[in-house]
Amino acid sequence: MLVTVLVHSGCSLAQRIPPGPHDTTTSYHDRVGLQIEYPQVSACTENSPPEATGATEPLAFEDPSELPAWDLTLEEAVRLAVGNSPALRTLGGAVVTSPQATTTVYDPALAHANPQLGVEAALSAFDAQYSGQLYWTKVDQPTNVQRGGLGAAFNPVALQETNAVFTNELAKQTAQGAGFALRHVVNYNRTNRPFRQFPSDFIGFVEAEWRQPLMQGAGTYYNQIAGPNAPIGQYNGVLIARINEDVSLADFEAAVITLVADVEQAYWELYEGYRLLEANLRGREAALQTFQFQETRLEAGIASPDEEAQARSQFFQFHAQVQNTLAGPSGLYAAEQRLRYLLGLPATDGRLIKPVSRPATAEVVFDWNSALNQALSRRVEIRRQKWNIKRRELELVASRLNRRPRLDFLGQYRWRGLGDHLIGDNDGQPLDNLYGSITGGDYQEWQAGLELSFPVGLRAASNAVAHARLNVARERALLNETELRVSHDLSAAARELQRAHTLLETNYHRYQADLRQMEVLLQRYVQELDNINFYLQAQRQVLQSESDFYRAITAYNLAIRELHRQKGTLLAYNHVALNEGPWAAGAMNDAYQRGRFFKARQNPGAVEMTPPVSAGPFDPSQPAPQTAALDAVPEFILDQRPVVTAGPARLPEVESEVQTSRPAANPAAANPAAAVDQGPVTFAPSPMLNSAVGHRPGADPAATVQPPPAALPPAAAGDGEAESSVSLKRLLERYR
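Rules behind the numbers
Residues numbered from 1 in each chain as written. Predicted model: local features only at pLDDT ≥ 70, side-chain atom pairs only at ≥ 80, totals over all residues. Heavy atoms only, no water. Core = buried A, V, L, I, M, F, W, Y, C linked by side-chain atoms within 4.5 Å. Buried < 20%, exposed > 50% of the residue type's maximum accessible area, 1.4 Å probe, protein only. Helix = DSSP H or I, 4+ residues; strand = E, 2+ residues; numbered from the N terminus. Contact = heavy atoms within 4.5 Å. Axes fitted to C-alpha atoms, helices over the stretch in contact; angles between N-to-C directions. Parallel < 35°, antiparallel > 145°, perpendicular 65-115°, else oblique. Left-handed = near helix turned anticlockwise from the far one by under 90°. Nonpolar A, V, L, I, M, F, W, Y, C, P; charged D, E, K, R; others polar. Pairing = 2+ DSSP bridges. Patch = residues over 30% accessible without salt bridge, like charges linked within 9 Å, V, L, I, M, F, W, Y side chains within 5 Å. Areas by Shrake-Rupley, 256 points an atom, 1.4 Å probe, with all protein chains shown as cover. Salt bridge = Lys/Arg side-chain N within 4 Å of Asp/Glu carboxyl O.

With 86 residues, the main nonpolar core has Val-263, Leu-339 and Tyr-556 as its most contacted residues. Ranked by the residues each element gives to this core, the list is headed by helix α11 (residues 238–300), at 23 residues. What Val-263 contacts, discounting residues up to four positions off in sequence, is Ala-77, Val-78, Ala-81, Leu-339 and Leu-342. Formed by 15 residues, the second largest nonpolar core is a distinct cluster that contains Ala-226, Tyr-235, Ala-398 and Ala-464.

Listed below in C-alpha cells is the structure:
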C-alpha cells in the first residue's frame, strides 16, 4: 500500500522537497528553456520603415511661425492617406494591440486565395484528379501438401511468386454532380504453380465509369452551393465562396470609409487647433497690455494693487491656455501628429502641416426622402448584410435539396486482356501481349445499375433544413434592425447638421456681442466709471466665445461629413474610388481567346440557368443619380464642397482685421485694434460666413444651399444705438 501511494504521488512529493546543498548541477531549462526569445525573421523584415525611423524630436513649445509650413488641402490629405495605407489606419491605433483585427489592402485577395473557403478552392473540387499506384511483392510460402502423394503433383511444396500491381485513374467531377472516371489496372504474376500456359503473365483491364446522382447531390444549383459530395450541413460551393469574397470586399470598403472619415476629422481638428491658438494668442496679448497698463498706473500711484494683481493673474491664465493649446493633448502639435499618422508620415519631420482648405460655413440642406433612400441602398453595412442573407438563402436551398435519399446511377464498361508479355514481341501467338489483347476487343464487360442509400427518417438532413431556416430568419431580422439603426443614425446626423449650423450662427453673434461689450467696458474702465473686474471678465468672455465659434465651424464641417457617411456617399464626396488591381498577362490572353468563341443566344429566355446571385455592379465612388434630386428639390444642386467667397447681403465676415479685433487695454494707443496683429505666430485668414458657395464635383444631389437669414451686421464707424437696437430686434425676431 505504501509503495502504491508513493508511486501515485511521487511527482507531487518531489516538487515539495526543496533543493539541498548537494544540488549543484544547473538545469538546461534554467538558462535556455525558460528564457524569452526574439524571433529570427528575414533580412527585409528587420529593416524598419523610414517613416518610423526618420521621426525627429517632437515639437512641444516651438514657435509655429519659425517652422516651415506645408500647405495641405483636404483632397490632398485624403489622397495621401488612401494611397499610403497598406494597413488601413484609424485614430485609435489598434494595430499595436490587435494586429489581427486590422484591415489591410491584402484582405480581399486573401479571401479569394483562401485554400479552404476561397473561390479557387471551391473550383478545385471540379478539377480532374489523377491517382496511380505501383507495388511489387515477393511470396515464398510453404504449403500444407502431402509429400510424395497425389496432391504434390498439383501443388508445389513451397509457393514462390513474384507479383506487381499497377493502377492509375483519371476522374472528373462535373457541375451537375456526375462523376466520370477512366481506370487502367495491370497485374503481373510469376509463379511455380503447375498447369499454366505461361510461367509469367500480365492480366489487366481498361475501365470507364459514369456515376450520376439522381436525387441527393444532383443538379448544378446544388453543387454550386454546397460543392460536390459535401456532407450534410457543410456548404462550400462556388457561390458561397463568391459571397464570402464579396463580404470581404464590403469589410474592406467599410475600413476605407472609416479611414477617410478619420482623415477629414483630423484635418478639421488641426484647422481648429490653429484657430484656437490664434484666439488664445490674441487674448494673451490683450491681457498683457492690460497688465502693463495697470503696472504703469500702479507705479504712478493712481491704481490700487488689487487691480494690478487681477490683471497679472489673468495674463498668466491666458498664457497657460496658450501653452496648452500649443502642446496639450488636444493642442496644435498633437492634432498635427494625429493627421500625420493617418497620412503615413513620420511623427515629426521639421515641417508643420497647415490646412488651406476653407471650411464650409453656408447652410447646406439635404432632402430627407432622398437622403433616406440613399442610406438604405448605399450603406455598405446594409449591402454586406444582404450578402449574408443571400448566403443563408442559398444554404436553405441546398439543405432542402439534400433532404432526399442517395440514388445514383452507375454504369461501367471494361476491356480485359491477358498476355505473356506486357507489350509483346510480335511472334503471332495468341495472348502474346496484354495491350494487344485489350485493344483486340475480344473480352468486354459492362455493368449498369442503381445504388440507393439513406438513413431512415432523414433526421440529420431535416435538422439541417431547420437550422438553415433559422439562419435565414436571423439574418433577415438583423437586416431589419440594421436598416432601422441606419435610419436613426441618419436622423441624428441630419439633426446634428441643423444644430451645428444654428450654433455656428449663434456663436458668431455671441462673439460679435462680446466684442461690442468689451469695447464699452474698456471705455468705462478708462473713464474710471467701472471696476477692472468687468473689463477682465469681458476679455474672458471674448476668448471663450471666439473659441466656441471656431469649434462650431469644425463641428459643422464634421456634421456634413457625418451626414455623408450615414448616407453612404462619403467616398463619392471625397472622390475615392475602389478598383481591382491589373490582371496577369496570361489571364487577359485566356479571356480574350475564350471570348472569341462566345456567341449571343438568339433566344435568351429559352436558356435554363441557375438563379443569379448578384443584382448587378455597384460603385460606391459614384454619386447618386441627379434626376431624383432634381425632381425632389428644384433648388440649386450641390456640385462641390462649399467654397467661401465674399458677397453682399451675407453674414458678416469674421477676420483677423480691425472690425473684429479686440480693443487694446492701453488707452494711450493710437489704434486700439493694432494689438490683434501682434504676436509671434502668423496664421491663415479666419473663416467667413456667407452663402456664395460652390461644391465638390460628385457631391450628393440631395443637398441644397439655403441663403442665410438676415444676421447681425458688424459695427461700423458712426453707428449708434439705433442701428444696434434694429439689428438686435432683427435677430430676436429670427429666433422667435
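Back to the write-up after that little detour.
Let us look at the packing of α11 against helix α13 (residues 332–343). Contact pair α11 / α13: the axes reach a minimum separation of 9 Å and the direction vectors enclose 160 degrees. In terms of their interaxial angle, α11 and α13 are classed as roughly antiparallel. Note that α11 runs across α13; the crossing there is left-handed. When α11 is examined against α13, the residues Leu-259, Asp-262, Val-263, Ala-266, Tyr-267, Glu-269, Leu-270, Gly-273, Tyr-274 and Leu-277 are found in contact with a partner set consisting of Leu-332, Ala-335, Glu-336, Arg-338, Leu-339 and Leu-342. Here the contact of α11 with α13 is built from residues that sort into eleven nonpolar, one polar and four charged.

Here we come to the sheet that holds strand β4 (residues 179–191). The strands that make up a sheet pair up through hydrogen bonds in the backbone, lying either parallel or antiparallel. On the basis of which strands lie adjacent, the open sheet formed by six strands has the order β2-β3-β4-β5-β8-β9 and antiparallel pairing. Taken across any chain shown, the strands that pair with only one partner, and hence form the sheet edges, are β2 (129–142) and β9 (444–453). When the angles between neighbouring strand axes are averaged without regard to direction, this sheet yields 15 degrees. Here strand β8 (residues 406–419) pairs with β9 via ten bridges, running antiparallel. Paired with Leu-407 across the bridge in β9 is Leu-452.

Nonpolar side chains collect at one region of the surface, where Val-95, Val-96 and Tyr-341 lie side by side and expose about 270 Å² of accessible area between them. Take Tyr-341: it is sitting in helix α13.

In total, this model carries 34 salt bridges according to the counting rule given. Its salt-bridge partner being Glu-336, residue Arg-340 comes within 2.7 Å of it at the nearest N-O pair. Separated by four residues within a single helix, Arg-340 and Glu-336 lie in helix α13, roughly one turn from each other. Each of the two residues, Arg-340 as well as Glu-336, counts as buried. The shortest N-O distance in the salt bridge between Arg-414 and Glu-445 comes to 2.6 Å. In this pair, Arg-414 is assigned in strand β8 and Glu-445 in strand β9, connecting sequence segments 31 residues apart. Under the relative-accessibility criterion, Arg-414 is labelled buried at 15%. Among the ionic contacts, a cluster of salt bridges with common partners joins Glu-169, Arg-183, Glu-207, Glu-209, Arg-414, Arg-416 and Glu-445.

The phi dihedral of Asn-229 falls on the positive side, at around 55 degrees, and the residue is not glycine. Classification of Asn-229 as exposed rests on a relative accessible area of 56%. Unusually for a residue other than glycine, His-575 sits at a positive phi of about 60 degrees. For His-575, a relative accessible area of 44% translates into the label partly exposed.

Right, let's get into the packing of α11 against helix α18 (residues 532–567). Close contact between α11 and α18 brings their axes to 10 Å; oriented N to C, the two are set at 170 degrees. One way to sum up the angle between α11 and α18 is to call them roughly antiparallel.

Below, the discussion takes up the environment of Thr-258. Summarising the element assignment, Thr-258 is placed in helix α11. Judged by its relative accessible area of 24%, Thr-258 is partly exposed. The spatial distance from the C-alpha of Thr-258 to the C-alpha of Arg-565 is 8.9 Å, given a sequence separation of 307 residues. When near neighbours in sequence (up to four residues on either side) are disregarded, Thr-258 contacts Thr-90 and Arg-565.

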